[in-house]
Amino acid sequence: MKKNMKSAMNLVLAGLLTLGLTACGASSGGTKTDDQATGKSESKAKKEVTLDYLWFTDGIEGDVMKGIIADYQKQNTNVKINLIEVAFKDLPTKLKTMISGGKPPALARITDTGMFANQALDLTPYVGGQDSFTSQFVDSIKPYYVMDNKIIAAPMDVTANGMIYNKTLFDKAGVKVPTSKDNIWTWDEFSTALKQVMDKGGAKTGMVWDVSPHRWSTILYQFGGSMISADGKKSVINSPEGVQALETFIKLHKDGIMPQSVWVGNENPNNLFRSGTVAVHMAGNWVLSNYKDITNFEWGVTYMPKGKIRSSVPGGKYVMAFKGTGVEKETAEFIKYLSSKDVNAKFTKDSLFMSPRKDNAKLDYAFGKEMFEVFADELANTTPLAANDWSRQTIVPKFSTDLKNNIIEAIAGKTTAKEALDKTGALIDKAISEQSK
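All values reported here derive from a predicted model rather than from experimental measurement.

Helix 13 (residues 328–338) packs onto helix 2 (residues 61–75) with a crossing angle of 125° between their chain directions and a minimal axis gap of 12 Å. Judged by the inter-axis angle, helix 2 sits oblique to helix 13. Relative to helix 13, helix 2 is oriented so that their crossing is right-handed. For the pair formed by helix 2 and helix 13, the contact residues are Met 65, Ile 68, Ile 69, Asp 71, Tyr 72 and Gln 75 on the first element and Glu 330, Glu 333, Phe 334, Tyr 337 and Leu 338 on the second. The residue makeup of the contact of helix 2 with helix 13, split by class, is 7 nonpolar, 1 polar and 3 charged.

Okay, here's the thing in structure tokens:
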């Protein structure tokens, strides 16, 4: 009997032990199942999305962007980015059509931010606030992507106007160009230097300047002028500073430093500089890659002269997200990635572009590293009034061609600088009043 009772007790203990182990196993297994469920929940939280990215390519940057997209998709497997490539001239029309049809893309690469500001997604709540985001980029471009106190786009690359010079001609004339921002020429000193390069260096032409209101406005800002008031309410292009800038530009032609054949005769300034007979070309940084193949003379980049201040004119390209896509959060995350220090450095360096980020002012370019740094410094010393003017893309196109033609008339002696800018100013005021109606 005792033996039977002992056997029974052993069976009970064995059963309890089994139950305990099973319970432990169930507890352990339950934890694992919860973990798996949590992982499944997180996976579900990151919904699979497709971001349509409207894009145009100027050069090699399309291939660079495709590599960046591939990297992003590897890190974010729930996101597919559909690059829709169109020609630059067709992009505004394509974008307008998509927006008006109720199917805007998630994001687009654009130059004229003001044209689509009302349809843009405000990125401010997604990027950590306005101050922390904008402080990463050069100050002069802020009016392009911050409008009505909203971040409507993120800068991807910037352009700047600057001075490219024929080193061979300057060396032959014994003229030393400024080597730092501490010994920059005034406009009078610069004119004297160009005359010396023409007299002693054999330059047939002192300087050529792109026939472009955007490029011309560089001298306008250097003399302290601008096209439109800071508040955007009226024209100020015919201010005393503006008139002085245009009079200086006209004098350069009258003194024979600049040929009338470019602005009045429409001769190509690039071809003239390539000939090796021109001392200076005032152009944009994009010309650097275009001039890479010049072998008949040495050339370089130096600092532009200053008037009342130093200034260039910023341009560039931005990425803009749009409202009503249903993928705003994922789009904003991708834009944050594109505009981050390392990713933006890769994009701009590999594309031979200038970075808009302050911490990417010096990149290890395969070509023209020191030249890009001079352009970056010009941009860093540019008045915000330049972007304030040129970001107003609903107004500027209404007078820019007339501005160019009025400048040409003044160079040709058909009108005075004051009269030319008075006519332009009236057109600017008209465009502003029409917009406010």
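There's plenty left to go through after this.
Strands sit in the order 8-9-7-10 across an open sheet of 4 strands; the sheet is mixed. Whereas interior strands pair on both sides, the edge strands pair on one side only; in this sheet they are strand 8 (205–209) and strand 10 (299–302). This sheet shows a mean twist of 25° between the axes of neighbouring strands, independent of strand direction. Each of strand 7 (161–166), strand 8 and strand 9 (278–284) is contacted by helix 8 (residues 213–222), which is oriented at about 115° to strand 8, the strand it contacts most.

This next bit is on the nonpolar core. If you look at the biggest cluster of nonpolar residues, it comprises 140 residues, and the most contacted ones within it are Tyr 53 and Met 207. In this structure Tyr 53 touches Met 65, Ile 69, Ile 81, Asn 82, Leu 83, Ile 84, Leu 107, Ala 108, Arg 109, Val 319, Phe 334 and Leu 338, once residues within four positions along its chain are discounted.

Here we take up the environment of Leu 83. For Leu 83, the location among the structural elements is in strand 2 (residues 79–85). The exposure class of Leu 83 is buried, given its relative accessible area of 18%. Measuring from C-alpha to C-alpha, the distance between Leu 83 and Trp 55 comes to 6.5 Å, with 28 residues separating the pair along the chain. Those residues in contact with Leu 83, other than ones at most four positions away along the chain, are Tyr 53, Trp 55, Lys 66 and Ile 69.

All right, on to the pairing of strand 1 (residues 49–55) then. With respect to burial, strand 1 is a largely interior element, 5 of its 7 residues being buried. Two elements, strand 1 and strand 2, share 7 bridges in a ladder whose sense is parallel. Counterpart to Val 49 in the pairing with strand 2 is Val 79. Taken together, strand 1, helix 2 and strand 2 form a β-α-β motif whose crossover is right-handed. Pairing of strand 1 with strand 3 (residues 107–110), which is carried by 2 bridges, proceeds in the parallel orientation. Bridge pairing in strand 3 links Leu 54 to Ala 108.

Inspection of the secondary structure assignment puts Thr 159 in strand 6 (residues 154–159). By relative accessible area, Thr 159 is classed as buried at 12%. Separated by 3.5 Å, the side chain of Thr 159 and the backbone nitrogen of Gly 316 make a polar contact.

Per the counting criterion, the structure on display carries 22 salt bridges. Residue Lys 317 pairs with Asp 157 through a salt bridge whose shortest N-O separation is 3.4 Å. Within this pair, whereas Lys 317 is found in strand 11 (residues 315–321), its partner Asp 157 is found in strand 6, the two being separated by 160 residues in sequence. You'll find Lys 317 and Asp 157 in the same group, each marked buried. The partner of Asp 255 in a salt bridge is Lys 251, and the shortest N-O contact between them spans 2.7 Å. Residues joined by salt bridges that share partners form a network here, namely Asp 58, Glu 61, Arg 109, Asp 157 and Lys 317.

Taking 1.5 Å of rise per residue, the 15 residues of helix 9 (residues 240–254) would be expected to cover 21 Å, and the 21 Å separating its terminal C-alpha atoms lies within 8% of that figure. When we look at burial in helix 9, the residues that qualify are Gly 242, Val 243, Ala 245, Leu 246, Thr 248, Phe 249, Ile 250, Leu 252 and His 253. If you follow the buried residues of helix 9, they end up packed against helix 7 (187–200), strand 8, helix 8, helix 10 (260–263), helix 17 (400–411) and helix 18 (417–436). Phi for Gly 256, located one or two positions after helix 9, is positive at around 80°.

For the rest of this paragraph, the subject is unusual backbone geometry. You will see that Asn 149, though not glycine, has its phi angle at about 65°, which is positive. The topology assignment puts Asn 149 in the loop between strand 4 (146–147) and strand 5 (150–151). Classification of Asn 149 as exposed rests on a relative accessible area of 60%.

Rules of the game
Residues numbered from 1 in each chain as written. Predicted model: local features only at pLDDT ≥ 70, side-chain atom pairs only at ≥ 80, totals over all residues. Heavy atoms only, no water. Axes fitted to C-alpha atoms, helices over the stretch in contact; angles between N-to-C directions. Helix = DSSP H or I, 4+ residues; strand = E, 2+ residues; numbered from the N terminus. Parallel < 35°, antiparallel > 145°, perpendicular 65-115°, else oblique. Left-handed = near helix turned anticlockwise from the far one by under 90°. Contact = heavy atoms within 4.5 Å. Nonpolar A, V, L, I, M, F, W, Y, C, P; charged D, E, K, R; others polar. Pairing = 2+ DSSP bridges. Core = buried A, V, L, I, M, F, W, Y, C linked by side-chain atoms within 4.5 Å. Buried < 20%, exposed > 50% of the residue type's maximum accessible area, 1.4 Å probe, protein only. Right-handed = clockwise from strand over helix to strand, strands pointing away. Polar contact = N/O pair within 3.5 Å; in protein donor to acceptor, adjacent residues only side chain to side chain. Salt bridge = Lys/Arg side-chain N within 4 Å of Asp/Glu carboxyl O. Expected span 1.5 Å × (residues − 1).

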